[in-house]
Amino acid sequence: MLKYDIRFMQRLRNELGEQGDKVEKAFVRSMDATSSKAATHISRGIRGTYAIKANLVKRHLKINRARRDAYRALVYTGKRLPLEEFKPKQRWVTVNPRRTVKSGPRKGKLARRRGVSVRVRKDTGRQLVPGGWLAKDHVLRRADLGDNDSDPRIQYGPSIPGMVSHPSVIESAQDLVRKDLPKQFSDQLDYLLNGD
């Protein structure tokens with residue numbers, strides 16, 4: 001049984017009187033510690049499914065703390081990741097036979113052009129980006145695939161929140177928070193009250 005219960009922080013503040021401010025300090029410290037553990041756990045879960053590096057997950061994963069409910073402490077934010085983060089490789093791709101290509105290793109009916117493939121998920125292997133190519137470390141594609149004069153645009157894959165939303169990842173992370181946060185809070189408050 002834990003010495004201090006995180007569910008009754010207001011009661012603890014009242015009971016501790018002049019030392020009541022240490023409840024909030026213990027809460028902040030415990031949230032930081034648990035959030036760090038959760039981030040590591042989430043990163044491991046994401047990398048089990050997606051071909052992505054740990055430092056990239058760390059850079060893009062943001063964990064916001066829900067102040068009113070300590071047990072629902074995790075909110076994941078982050079934009080979609082550009083496809084160049086998913087190990088792009090150039091490859092030759094066959095061009096539509098009705099289209100004439102003036103340059104490249106072959107012309108006319110056997111025309112080929114430079115394309116690009118990426119590996120987003122570990123369970124699906126490499127996939128070709130339709131109409132895409134690799135230039136200056138970016139995966140690009142025309143805004144209009146039927147118009148070669150349309151602007152090239154950077155292509156994006158899934159976002160960190162989208163990866164985290166996988167049930168196995170989110171449920172195990174929330175379970176970790178439910179188990180770890182109360183213990184962290186009790187230990188931190190005990191240290192603040194008795195460790196000085």
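Residues numbered from 1 in each chain as written. Predicted model: local features only at pLDDT ≥ 70, side-chain atom pairs only at ≥ 80, totals over all residues. Heavy atoms only, no water.

(A) Here's a closer look at the sheet that holds strand 8 (residues 138-142). Taken together, the three strands give an open sheet; going across it, the order is 7-8-9, and neighbouring strands pair in antiparallel fashion. What marks the edges here is a single partner per strand, and that holds for strand 7 (132-135) and strand 9 (152-154). Ignoring which end each strand starts from, the neighbouring axes of this sheet average 40 degrees apart. Relative to strand 8, strand 7 is paired through four bridges, and the arrangement is antiparallel. Residue pairing in the sheet places W133 in a bridge with L140 of strand 8. (Pairing = 2+ DSSP bridges. Helix = DSSP H or I, 4+ residues; strand = E, 2+ residues; numbered from the N terminus. Axes fitted to C-alpha atoms, helices over the stretch in contact; angles between N-to-C directions.)

(B) Here's a closer look at the packing of aromatic side chains. Under the defined criterion, the tally for this structure stands at zero aromatic pairs. The residue whose ring lies beneath R121 is Y50, and the NZ or CZ to ring-centre distance is 5.3 Å. (Phe/Tyr/Trp six-rings, centres within 6.5 Å; stacked < 30°, edge-to-face > 60°. Lys NZ or Arg CZ within 6 Å of the ring centre and 35° of its normal.)

(C) Local environment of the layout of surface pockets. As a volume, the second largest pocket reaches approximately 210 Å³. Around the second largest pocket, the lining residues are A39, T40, S43, R47, A54, V57, K58, L61, K62 and I63. Elements supplying a minimum of two residues to the lining of the second largest pocket: helix 2 (21-49), helix 3 (54-60) and strand 1 (62-64). Considering every element that reaches the lining of the second largest pocket, the biggest residue donor is helix 2, with four residues. (1 Å grid on protein atoms, 1.4 Å probe; cavity = no way out; pocket = protein on both sides within 12 Å on 5 of 7 lines; lining within 4 Å. Points joined across faces, edges and corners; volume = space filled by probe spheres on them.)

Any link to function would need more than the numbers given here.
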